[in-house]
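Overview (structure and organization)
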Amino acid sequence: MNTWWLSNQILIQSTFISLLLALSIQVPLRAGVFSFAGIGSYAIGAYTAAILTIRYQVPGIVAIGAGVLLAAAIGYLLALLVARLSGLYLGMATISFALFLGVLATNGGDLTGGATGLFGAISTVTTEHVIAATVVVVVLLAASERGAFGRKVDAVREDPQLAVSLGVDVIRVRRVVFVVSGALGACAGGMNSLLRTTVSPETIGFHLVVTALTMIIVGGALSWAGAAIGAVIFTWLPTVLQSVGEWQLLVYGLLVAIAAVYVPNGLLGLLQTGWRRLRRRGRRIPAEGAAAPTGVVVQEDPESELAALGGPTTEARP
Amino acid sequence: MAQDVLNALTLGSLYLLFALGMSLAWGTIGILNFAHGSIFMFAAFTAHLIVQEVSLPIPVMILLGVLVGAALSVLLQVLAFEPIQRRAVDHRKAELQILVGGIGIAIIPLAIAQRITKSVPFGYSGGSFSVTTYDLGFIRVSNIQLLTLVAAFGLAGLIGWWLRAARPGLALRAIGVDSEVATMMGVDRRRLALLTMAVAGGLAGLAGVLLTYYLGSIAPETGDAFLLKAFAAIILGGVGSIAGVVVGAMVLAGIETFVLVTTDGSWTPAIAFGLIFLMLLVRPNGLFGRQEVRRT
């Protein structure tokens, strides 16, 4: 265990960092907001943490925290700016925001180190800190997926107009989502640049958008667990795929394409459907004569998306 | 100065050829194809592979690029986008899934080309065509530049006319407004979608071959850069508007050339992103876009 831990430290770190990055896209997506601002926040967090550490020798926590606050504030402003946009247009606007930051970093002169980036951001941040931060984030997000707040967010995603008429403050939910996404992205970026001790404009690009998006899509977009599955798969896939050598990228592309086209709810969706089927089968057998109503309720399961709109939820059922 | 204008027009024409098909597909059948850049690159790349074996003249090379581009695009439509549109519960989900599917599929041709070329730029040195430059005193123009300009403006005009005047063009525009009602009016949505994707892919292939001749060689990664420029051109002009995409491509190329000539050029990549962002904030429908008809 210990040798495995030491020899795979980099991969373990990047699993958790990618998870945070993927979550920064997944959180808006869960509320139906198609925003890639999390990628831009990653850049903000990475550069803020590196600059503060190199120039002012502040502790790692403070450096990352400053980046998170800055990115959250920028996220809020961005939410105000792009309030009119939705769907693909919002996606395009936020992608260009993120990529613009990359060019900005290249042209930042001494502050950002230009095209070569910054080196020597040495701090005391360790793998354990990364894991602890991720666990806290995941617990909070998992909590936000349950109960009244979770249902509110689901309603905003499935039908914003209906959500408004039910008294959900859709605009506020959207703004909150932008702020949370900014904070998550910056946290990932800050930790990454302090762990690697460097940051350069090449690390922020279109490929980051692709990576985060593929993790969510292959894993499943509607829950943090999907992002976690995706982050684990795509961080460890290169090690597994070493046997196919140079065709690694091709296999990667095929996986993403197949998942995107044929498994729209991701691996998590597949697992959930399988689990539901198993449960239904388990219940049907004793329910032959005894509990007819249970059977009726369980049959509604495929329409559980409707249940998200304030109807009976899974927890509420017997 | 005149030389810069000509170079900007050539660059704009290449953007135009690339963006025309994307804009058409996005504005009518609602497909924003993120694999367009990969199709563009792979068509040029296939032509490169063949010209290494046999020395071919430029018309055959162009035909090759167009055919490969169209074939890849139709394949993509049949294998990926059609199943997505058939299964998706609503329009918004389909849009998102098409975008993600395109991003995923775009990796495949790129991976193949990178593997074969080892990421070294490729060109058409094996072909029988040679670029000749005519010196007109105040301006130097090459035959490939002339060809690009004629092809871009000619095809944009042709497609614009076809959309406006021909019956299938009307049907295609009707799908863009409301695909269900259009289907009820007897429009064969599937066939028109395939045709649109074929045209889009063919245009991408043409742009790929012409760009490779113009620059001498391109790298497998060129497609991604072109994709983002095309977005800027489309958003600037307005989705689905042919006049819009012409103006968008020319304005983008003009500003880029201007910045490149007057500064050291490190800000050039930011222009496309800045334009997309500003345009979406100020006028999301673009300069020529119609008020969007939102299908719910």
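Residues numbered from 1 in each chain as written. Chains lettered and ligands numbered in written order. Predicted model: local features only at pLDDT ≥ 70, side-chain atom pairs only at ≥ 80, totals over all residues.

Details of the overall build of chain B
Of regular secondary structure, chain B possesses 11 helices and four strands. Taking 19 Å as the expected radius of gyration for a compact globule of 296 residues, we find that chain B reaches 19 Å, a close match to that expectation. The dimensions of chain B, computed from C-alpha atoms along their principal axes, are 55 × 45 × 35 Å. Every one of the 296 residues in chain B was classed for burial, and the buried ones make up 51%. Taking as baseline every contact in chain B between residues at least 6 positions apart, the subset at least 24 positions apart corresponds to 78%. (Helix = DSSP H or I, 4+ residues; strand = E, 2+ residues; numbered from the N terminus. Rg over C-alpha atoms; globule rule 2.2 N^0.38 Å. Buried ≥ 20, exposed ≤ 12 C-beta atoms within 10 Å, placed from the backbone. Contact = placed C-beta atoms within 7 Å.)

Focus on the interface of chain B and chain A
Listed as interface residues are 34 residues of chain B and, on the opposing side, 34 residues of chain A. Residue assignment for the side of chain B that touches chain A shows that the elements contributing at least two residues are α3 (58-87), α4 (91-117), α9 (222-237) and α11 (268-282) of chain B. Among the residues forming the side of chain B that touches chain A, the class breakdown is 24 nonpolar, six polar and four charged. (Nonpolar A, V, L, I, M, F, W, Y, C, P; charged D, E, K, R; others polar.)

A word on the confidence of the model for chain B
Residues and elements named next belong to chain B. When pLDDT is averaged along chain B, the result is 89, and 98% of the positions lie at 70 or above. Across chain B, the secondary-structure element scoring lowest on mean pLDDT is strand β2 (residues 133-135), at 85, and the one scoring highest is helix α8 (residues 189-215), at 94. This complex was scored by the predictor with a pTM of 0.85 and an ipTM of 0.84. (pLDDT = per-residue confidence, 0-100.)

Digging into the nonpolar core
Y15(B), A19(B) and I276(B) are the most contacted members of the largest nonpolar core, which has 196 residues in total. Sequence-distant contacts of A19(B), that is, excluding residues within four places in its chain, are made with A230(B), A233(B), I234(B), V245(B) and A249(B). (Core = buried A, V, L, I, M, F, W, Y, C linked by C-beta atoms within 7 Å.)

A short note on α9(B)
Under the 1.5 Å per step criterion, the end-to-end length of α9(B) is 23 Å for 16 residues, consistent within 8% with the ideal 22 Å. Burial runs high along α9(B): 12 of the 16 residues are buried. For α9(B), the full list of buried residues reads G223(B), F226(B), L227(B), K229(B), A230(B), F231(B), A232(B), A233(B), I234(B), I235(B), L236(B) and G237(B). Residues of α9(B) that are buried sit in contact with α5 (87-106) of chain A together with α1 (2-28), α2 (36-53), α4, α10 (242-262) and α11 of chain B. Positive backbone phi, at 115°, marks G238(B), one or two positions downstream of α9(B). (Expected span 1.5 Å × (residues − 1).)

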